[in-house]
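# An overview of the molecular structure
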Amino acid sequence: MATGANEIEFAGIQFFGKMSASISHEIKNVLAVINENAGLLEDICFMADGGKPVDISRLKKIAVDVKDQVRRADRIVTVMNRFAHSADEPSTETDLGELTALLRLLAMRFAAMHGVAIETLAPPVPVRVTTSPFGLLNLLWICLDCAMTATGSGKMVELVAEKTTEGGLVRFRKFEQPGAASVADIALGKLSALPRMLNATVAADSTKTELVVRLHQSPQF
């Protein structure tokens, strides 16, 4: 089994591939809808060539549908662009609130598959830490993926970024079984080297009801 730097590198490639596959799936869905509307336009043109009157209201609806899909595609590509740029620098100042918001957008398709809602609570002030944005996204995704399998009856996971004297932290809340401590053990078991690289800890809080990813000082590369 790969360890240390090799483990982190391989996990990063897996993470990038998983998210890229999900994003491309969403883009293909958009293209399928646009293609369907193109087929409707062809049908209307065929009927018009046969002398049938053109239904203007139908044309307007098709135009609206296509514009909606273009806007949807633009949102998807914007998220993809932000995700890709998270790998630009090995260490840089990062806003934890913005990073958790990006993670939520990346994870929405997976959350839907789990039947889980993801909510992010914006911190009152920016929570800035010096870290690897891509590496931290990977760690937070691992924690979120584990947390989504442990949601309670509300089927929701909340992500909350908070400022600390050492830097910042992200809380995962609103899940029950198998409990925050068990979720932390599962997450650490998946990629133990990544928290060390980020100078982070992953553990249940004192009440054992929340999973906390805490960043201490600057990451060690």
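Here the focus is the overall build of the chain. The helix and strand inventory of the chain stands at 6 helices and 7 strands. Along the chain, from the amino end to the carboxyl end, the secondary structure elements read α-α-β-α-β-β-α-β-β-α-α-β-β. The burial tally for the chain puts 40% of its 221 residues in the buried class. A fraction of 72% describes how many contacts in the chain between residues 6 or more apart in sequence connect residues 24 or more apart.

Okay, the pattern of salt bridges next. Enumeration according to the criterion identifies 8 salt bridges in this entry. Between E162 and R171 there is a salt bridge whose closest N-O contact spans 2.9 Å. Take E162: its relative accessible area is 26%, and that puts it in the partly exposed class. Classification of R171 as buried rests on a relative accessible area of 18%. A network of salt bridges, in which partner residues are shared, links E26, R72 and R109.

Turning to the packing of helix α3 (residues 96-114) against helix α4 (residues 133-148), a few remarks are in order. In contact at an axis separation of 10 Å, α3 and α4 are set at 40° when each is read in the N-to-C sense. On the basis of their axis angle, the class for α3 and α4 is oblique. By crossing handedness, the relation of α3 to α4 is classed as right-handed. In this structure, α3 contributes L96, L99, T100, L102, L103, A107, F110, A111 and H114 to the contact, and α4 contributes P133, L136, L137, L140, W141, L144, D145 and M148.

On to the pairing of strand β3 (residues 128-131), then. Residues V129 and T131 of β3 are buried on one face, while the alternating residues R128 and T130, pointing to the opposite face, are not. As paired strands, strand β1 (residues 92-95) and β3 are joined by 4 bridges and run antiparallel to one another. When the sheet's bridge partners are listed, T92 is paired in β3 with T131.

Here S20 shows up in helix α1 (residues 4-49). In this structure S20 comes out as partly exposed when scored by relative accessible area, which is 29%. In this structure, the C-alpha to C-alpha distance between S20 and A84, residues 64 residues apart in sequence, is 9.2 Å.

Moving on, we get to the packing of aromatic side chains. Counted by the stated rule, this structure contains 6 aromatic pairs. With a centroid separation of 6.2 Å and 50° between ring planes, the pair formed by F16 and F134 is classed as tilted. Taken together, the residues span a long stretch of sequence, with F16 in helix α1 and F134 in helix α4 at a distance of 118 residues. A residue is classified by how much of its surface remains accessible, and F16, at 33% relative accessible area, is partly exposed. A relative accessible area of 15% means that F134 is categorised as buried. Through a chain of ring-to-ring contacts, the aromatic side chains of F15, F16, F83 and F134 assemble into a single cluster.

A separate point is the confidence of the model for the chain. Low-pLDDT stretches of the model should not have their predicted coordinates read in fine detail. Looking at the chain, the pLDDT average stands at 86 and 86% of residues meet or exceed 70. Of all the helices and strands in the chain, helix α5 (residues 180-190) carries the lowest mean pLDDT, 62, while helix α2 (residues 56-85) carries the highest, 95.

Criteria and cut-off values
- All residue numbers here refer to positions counted from 1 along the written sequence of the relevant chain.
- With the structure being a predicted model, the display of local features is reserved for residues of pLDDT at least 70 and the display and counting of side-chain atom pairs for 80 or more, all residues being used for whole-chain, interface and lining totals.
- Hydrogen atoms and water are omitted, and side-chain values are computed over all heavy atoms in the structure.
- Put simply, DSSP H or I for four residues or longer makes a helix, DSSP E for two residues or longer makes a strand, and each gets a number counted from the N terminus.
- Exposure is judged per residue with a 1.4 Å probe applied to protein chains only, and the accessible area is read against the type maximum: over 50% gives exposed, under 20% gives buried, and values in between give partly exposed.
- Contacts were defined at the residue level, with two residues in contact if any of their heavy atoms lie within 4.5 Å.
- The salt bridge definition used is simple: a Lys or Arg side-chain nitrogen within 4 Å of an Asp or Glu carboxyl oxygen.
- Helix axes are fitted only over the stretch in contact, all axes being lines through C-alpha atoms; the angle between N-to-C directions runs from 0 to 180 degrees.
- Throughout this description, any angle smaller than 35 degrees is read as roughly parallel, any larger than 145 degrees as roughly antiparallel, any in the 65 to 115 degree range as roughly perpendicular, and the remainder as oblique.
- Throughout, a crossing is termed right-handed when the near helix is turned clockwise from the far one, and left-handed when it is turned anticlockwise from it by less than a right angle.
- Each pair of strands is called paired provided DSSP finds at least two bridges between the two strands.
- Note on ring pairs: Phe, Tyr and Trp rings are taken, using the six-membered ring of Trp, and paired if centres are within 6.5 Å. Classes follow the plane angle, with under 30 degrees stacked, over 60 edge-to-face and the rest tilted.
- What pLDDT expresses is the predictor's confidence in each residue, scored from 0 to 100.

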